[in-house]
Amino acid sequence: SQYSAVDTNPLSVYIMQPIWNKIIKIVPLWIAPNLLTFSGFVMILVNYFLISFYDWDYTASGTSPGLVPTWVWLFSAFTTFCAYALDSIDGKHARRTQSSTPLGELFDHGLDSWATSIFVLSFFSVCSRDNGKTGVSVYTMYIYLSIVLFNFMCSHWEKYNTGVLFLPWGYDISQVVLIAAYLLTGAVGVEVWQKPFLFGYYITDALVILLIGFSLFLSFPQTLYNIHRAHLKKTLKNDSLYEGLLPLVSPLLLFILLTVWVVLSPGNILAKQPRLFLWMVGVAFSNVICKVIICQMSSTRPELFHWFLFPLALVVYAAISGLLGWTEEAVLAVLTALVTAAHVHFGVCVGRQLSEHLNIYIFSLKKRVQE
C-alpha cells in the first residue's frame with residue numbers, strides 16, 4: 001500500500017520542517033535512509049543505558065542530587081535532538097534517493113514504537129521517584145508511560161482503519177520539551193525540578209497535566225474523529241466494527257495484565273524494580289504494535305491474542321497468588337530478558353525477510369544481485 005501521512009502541527013510545519021530541510025542537504029546521497037533511522041535509535045539506547053548506569057533506581061535526582069554528572073544531561077539533550085532530527089529526515093532522504101520502501105516504513109515506525117517508551121524512561125531520571133518530599137511515584141510513572149504508549153497505539157490503530165497516518169501533535173511538542181528539559185537540568189541542576197515554581201505546583205506536575213490533557217482531550221478525540229470521518233466518506237479499510245477494533249484487543253489485555261501485576265504484587269514489584277518493569281512494558285508493547293503495523297501495511301488481519309499474553313498471564317498469576325514468593329524479582333528479570341531477546345529476534349527476522357522479498361539491502365542502497 002502507498003504510504004501516506006498528514007502533519008498539521010504548526011510547530012512542525014513552520015519551525016521544524018525548514019530546519020530539517022536544511023539539515024538534509026548535508027546528508028550524502030549514498031547513505032541508506034534506514035541507516036539514519038537506526039543511528040537515531042542507537043543514540044536513544046546509548047543515552048538510556050548511560051543514564052541507567054548513573055541512576056538505576058530513579059533516585060539520583062531526588063535523594064542524592066549530583067550523582068548524575070552535568071555532561072550526561074547535556075549529552076541527553078544532544079542525543080535526543082539528533083534522534084529527533086534523524087527520525088524526521090529519514091523519510092525525506094528516502095524520497096530524495098528514490099529508495100522509499102515498505103521495509104523503510106516498517107523500520108521507521110517499528111523503531112519509533114520502541115523508542116517512545118525509552119524516551120519516557122530516560123526522562124523519569126530527571127524528575128526522580130517520590131522520596132516523600134519531591135519526585136513522581138512509580139505508579140505515576142507507570143500511568144504516564146501507559147498514556148504515552150496509548151497515544152502511539154491510537155495513531156497506528158487509526159492508520160489501520162483509515163490507511164492514513166495522522167502525525168500526532170504531541171510528537172514534536174514532546175521532543176522539544178524533552179530537549180529543553182535536559183538543557184535546563186544541565187544548566188541549573190536537578191534542583192529546578194524539586195522547587196515549586198507556581199502556586200505550589202512543581203514543573204513535573206505541569207508536564208503530567210499537559211500530557212494527560214493532550215492525550216485525552218486532543219489526540220484521542222482527533223483519532224475517533226478521523227475514523228468517523230473516514231466512515232462517513234466510506235473510505236474505511238474495514239467494514240465491520242469487529243475488524244476495526246481487533247488491533248486494540250491485545251494491547252488492552254496486555255495493559256490489564258500488567259496493571260493487575262502492579263496493583264496486586266505481594267512484593268510490590270514496581271517499587272522494587274521500576275526500571276526493569278517499565279522497560280519490559282515498553283518492549284512488550286512495541287512488539288504488539290509492530291504486528292499491528294505489519295498487518296496494516298500488508299492488509300492482513302491481526303491475531304486476536306498476541307503470544308506474549310500467555311506467558312505473561314502465567315507469570316502474573318504465579319506472582320499475585322504468592323507462588324513466586326521471594327523469586328518475583330528474579331522471574332521479572334528473566335521475563336524482561338526473554339521479551340527483549342524475542343523482540344530483537346522478531347525485528348531481525350522481519351527485516352531479513354522483507355529485504356529478501358523486496359530484493360534490497362537494509363543498510364545499503366546497492367541492489368541485491370539476483371541469484
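Residues numbered from 1 in each chain as written. Predicted model: local features only at pLDDT ≥ 70, side-chain atom pairs only at ≥ 80, totals over all residues. Heavy atoms only, no water.

**Student:** Looking at this model, I keep getting lost on the layout of surface pockets. Mind explaining?
**Tutor:** The method is simple in principle: a probe with the dimensions of a water molecule rolls over the atoms, and the space it marks as empty is what remains. Put simply, the second largest pocket is a space of about 500 Å³. Phe107, Leu111, Val344, Gly347 and Val348 are the residues nearest the centre of the second largest pocket, which is lined by 21 residues in total. Of all the secondary-structure elements, those providing two or more residues to the lining of the second largest pocket are α2 (33-54), α4 (102-127), α10 (274-298) and α12 (328-357). For the lining of the second largest pocket, the leading source of residues is α12, giving 8 residues. Residues belonging to the lining of the second largest pocket are distributed by class as follows: 15 nonpolar, 5 polar and 1 charged. (1 Å grid on protein atoms, 1.4 Å probe; cavity = no way out; pocket = protein on both sides within 12 Å on 5 of 7 lines; lining within 4 Å. Points joined across faces, edges and corners; volume = space filled by probe spheres on them. Helix = DSSP H or I, 4+ residues; strand = E, 2+ residues; numbered from the N terminus. Nonpolar A, V, L, I, M, F, W, Y, C, P; charged D, E, K, R; others polar.)

**Student:** When you look at empty space enclosed by the protein in this model, what are you seeing that I'm missing?
**Tutor:** With the rule as written, the count across this model stands at 2 cavities of 30 Å³ or more. Roughly 50 Å³ of volume is contained in the largest cavity. Lining the largest cavity we find Phe123, Phe124, Cys127, Val136, Tyr144, Thr204, Leu207 and Val208. When residues of the lining of the largest cavity are traced back to their parent elements, those giving at least two are α4 and α7 (203-232). Looking at the lining of the largest cavity residue by residue, the classes come out as 7 nonpolar, 1 polar and no charged. Ile44, Asn47, Thr79, Thr80, Phe119, Ser122, Leu178 and Tyr182 are the residues that line the second largest cavity.

**Student:** What is the right way to read the packing of aromatic side chains from this model?
**Tutor:** Between two aromatic rings, the relevant description is the distance of the centres plus the angle of the planes. Taken as a whole and judged by the stated rule, the model has 24 aromatic pairs. Between Phe41 and Trp114, the ring centres sit 5.4 Å apart and the planes meet at 45 degrees, which makes this aromatic pair tilted. In this pair, Phe41 sits in helix α2 while Trp114 sits in helix α4, placing the two residues 73 residues apart along the sequence. You can call Phe41 buried: its relative accessible area is 6%. Centroid distance Phe123 to Trp193: 5.9 Å. Interplanar angle 85 degrees. Geometry classified as edge-to-face. Separated by 70 residues along the polypeptide, Phe123 in helix α4 and Trp193 in the loop between α6 (169-188) and α7 bring together distant segments of the chain. (Phe/Tyr/Trp six-rings, centres within 6.5 Å; stacked < 30°, edge-to-face > 60°. Buried < 20%, exposed > 50% of the residue type's maximum accessible area, 1.4 Å probe, protein only.)

**Student:** It is not clear to me how the pattern of salt bridges should be interpreted in this structure. Could you clarify?
**Tutor:** Pairing of side chains with opposite charge becomes possible as their charged atoms draw close. As enumerated under the stated definition, the model contains 3 salt bridges in all. Between Arg301 and Glu243 there is a salt bridge, and its shortest N-O distance comes to 3.2 Å. Linking Arg301 in the loop between α10 and α11 (309-320) with Glu243 in helix α8 (residues 241-264), this pair joins segments that are 58 residues apart in sequence. For Glu243, a relative accessible area of 18% gives the class buried. Across the salt bridge formed by Lys291 and Glu303, the nearest N and O atoms sit 4.0 Å from each other. Here Glu303 lies in the loop between α10 and α11 and Lys291 lies in helix α10, a separation of 12 residues in the sequence. (Salt bridge = Lys/Arg side-chain N within 4 Å of Asp/Glu carboxyl O.)

These figures come from the coordinates and say nothing about function on their own.
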